[in-house]
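Reading the structure
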Amino acid sequence: AKEQFNWDDYLKETESVAAPLHCFRQSRSPPTNDFKVGMKLEAHDPRNVTSVCIATVIGITGARLRLRLDGSDNKNDFWRLVDSSDIQPIGTCEKKGGMLQPPLGFQMNASSWPMFLLRTLNGAEMAPAAFFKKEPPKPVTNCFKVGMKLEAIDRKNPYLICPATIGDVKGDEVFVTFDGWRGAFDYWCRCDSRDIFPVGWCSLTGDALQPPGNNVSITKSSAKIQSSPSKVTRRSMQSPQKSAPVPAQRGRKPGRGKPPGQSAV
Ligand code: MLZ
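Only a predicted model underlies this, so the values are computations on that prediction, with no experimental measurement involved.

Reading the values: the criteria
Throughout, a residue's number is its position along its own chain's written sequence, starting from 1. Under the rules for a predicted model, residues below a pLDDT of 70 receive no local features and side-chain atom pairs below 80 are neither given nor counted, while totals for whole chains, interfaces and linings still include all residues. As a rule here, side-chain values come from all non-hydrogen atoms in the structure, and water together with hydrogens is ignored. As a per-residue quantity, pLDDT reports the predictor's confidence and falls between 0 and 100. We call two residues contacting when some pair of their heavy atoms lies within 4.5 Å. For two strands to be treated as a pair, DSSP must find no fewer than two bridges joining them. The helix and strand labels rest on DSSP assignments: H or I over at least four residues marks a helix, E over at least two residues marks a strand, and numbering proceeds from the N terminus. Burial status follows relative accessibility: with a 1.4 Å probe on protein chains alone, a residue under 20% of its type maximum counts as buried, one over 50% as exposed, and anything between as partly exposed. Only Phe, Tyr and Trp rings are paired, with Trp represented by its six-membered ring, and only when their centres lie within 6.5 Å; those with planes under 30 degrees apart are stacked, over 60 edge-to-face, the remainder tilted. Any Lys NZ or Arg CZ found within 6 Å of a ring centre and within 35 degrees of that ring's normal is scored as a charge over the ring.

Let's talk about the confidence of the model for the protein chain
Looking at the protein chain, the pLDDT average stands at 87 and 80% of residues meet or exceed 70. Scored below 50 in pLDDT, residues 218–236 shows 25 contacts in the model against residues more than four places distant or in partner chains. Taken together, the chains of this predicted complex give a pTM of 0.82 and an interface ipTM of 0.94.

Spelled out as structure tokens, the structure:
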């Protein structure tokens, strides 16, 4: 029988602490998600952030929306919190004097965009303004410490939120390491990233927190794990990185290579 992942037990087993709430740019209690599948809104194109596009809610997961840009393909869905500043009610762009743009990779001829836009918005179910929540303020300082536990979005599989550990801290950035995955999914991000959440977030939003992976990281503590009699519960224990990884350059893949034999998906 598969045991359910439980943070209280896991923190004890790993003798670690949860990163405090005030470290995160997240609301104290997760925002309510009133959106419905099919509703339309405006969203910044993740691949071309200066353009504001029309997006449709394709799915709902916890406090997040699965979004697809109208006129784009189905291979570039993205997820946003309902209190993300990347999304806004339809009409916001025009009110600010901007123009809605076709998404990167618009599937039709560029000249057909105005007509496409008209047809897309005609009779569309627009998400009401009250559904969009204010983005929480940035934390004043980076108060994460190496070894603290958190829940983090797996950027290679962005629908997943997984148990993670702070592996390194540098300036305003933190290195997020995924427990039990030997570094294959780890990344650097700003401490005020919307992709990281305090321990217990998923249980509050109703998201399914992924259990840690089965791969014990290659660190000093793995010796301790091997000699440990409790095999199941300690299998995914991960101690903080012993050697500081290279920070990722902006706009590039993180500086750590994928270990051989580890699939990304
Ligand atoms: N399908 C993938 C999911 C890995 C998710 C890891 N998240 C940190 C695999 O099993 O490799």
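From this point, the narrative continues.
Brief notes about the sheet that holds strand S1 (residues 40–45)
In space, the five strands of this open sheet follow the order S4-S3-S2-S1-S5, with antiparallel pairing throughout. Looking at strand neighbours, the two that pair on one side only are strand S4 (78–81) and strand S5 (87–88), the edges of this open sheet. Across six bridges, the pairing between S1 and strand S2 (residues 48–61) is antiparallel. Of the residues in S2, the one forming a bridge with Lys 40 is Thr 56.

Quick word on the pairing of strand S3 (residues 64–69)
Across six bridges, the pairing between S2 and S3 is antiparallel. Looking at S3, one finds that Ile 60 is bridged to Leu 65. In this antiparallel pair of consecutive strands, S2 and S3, the connection spans two residues, and Gly 62 shows a positive phi of 55°.

Brief notes about the sheet that holds strand S9 (residues 187–190)
Within the open sheet, the five strands sit side by side as S9-S8-S7-S6-S10. Their pairing is antiparallel. Each end of this open sheet is capped by a strand with a single partner; those strands are S9 and strand S10 (196–197). As judged from the five bridges shared by strand S6 (residues 149–153) and strand S7 (residues 161–170), these two strands associate in the antiparallel manner. Looking across to S7, one finds that Ala 152 is bridged to Cys 162.

Here we look at unusual backbone geometry
We note that Glu 15 has phi near 50°; this positive angle belongs to a residue other than glycine. Take Glu 15: its relative accessible area is 67%, and that puts it in the exposed class. Phi is positive for Arg 182, which is not a glycine, with a value near 50°.

Re the environment of Ala 19
In this structure, Ala 19 sits in the loop between helix H1 (7–13) and S1. On the accessibility criterion, Ala 19 (4% relative accessible area) is buried. Separated by 133 residues in the primary sequence, Ala 19 and Ala 152 place their C-alpha atoms 12 Å from one another.

Considering the packing of aromatic side chains
Inspection of the entire model under this criterion finds 14 aromatic pairs. Ring geometry for Phe 24 against Phe 144: centres 5.0 Å apart, planes inclined by 85°, an arrangement best described as edge-to-face. You can see Phe 24 sitting in the loop between H1 and S1 and its partner Phe 144 sitting in the loop between helix H3 (113–121) and S6, a full 120 residues away along the chain. Taken individually, Phe 24 and Phe 144 each receive the classification buried, so the pair is uniform in this respect. The interplanar angle of 85° and the centroid separation of 5.3 Å between the aromatic rings of Trp 181 and Phe 185 together place this pair among those described as edge-to-face. Judged by relative accessible area, which is 7%, Phe 185 ranks as buried. Cation over ring: Arg 155 sits above Tyr 187, and NZ or CZ is 4.2 Å from the ring centre. Here the guanidinium or amino end of Lys 156 rests over the ring plane of Phe 185, the centre of that ring lying 5.5 Å away.

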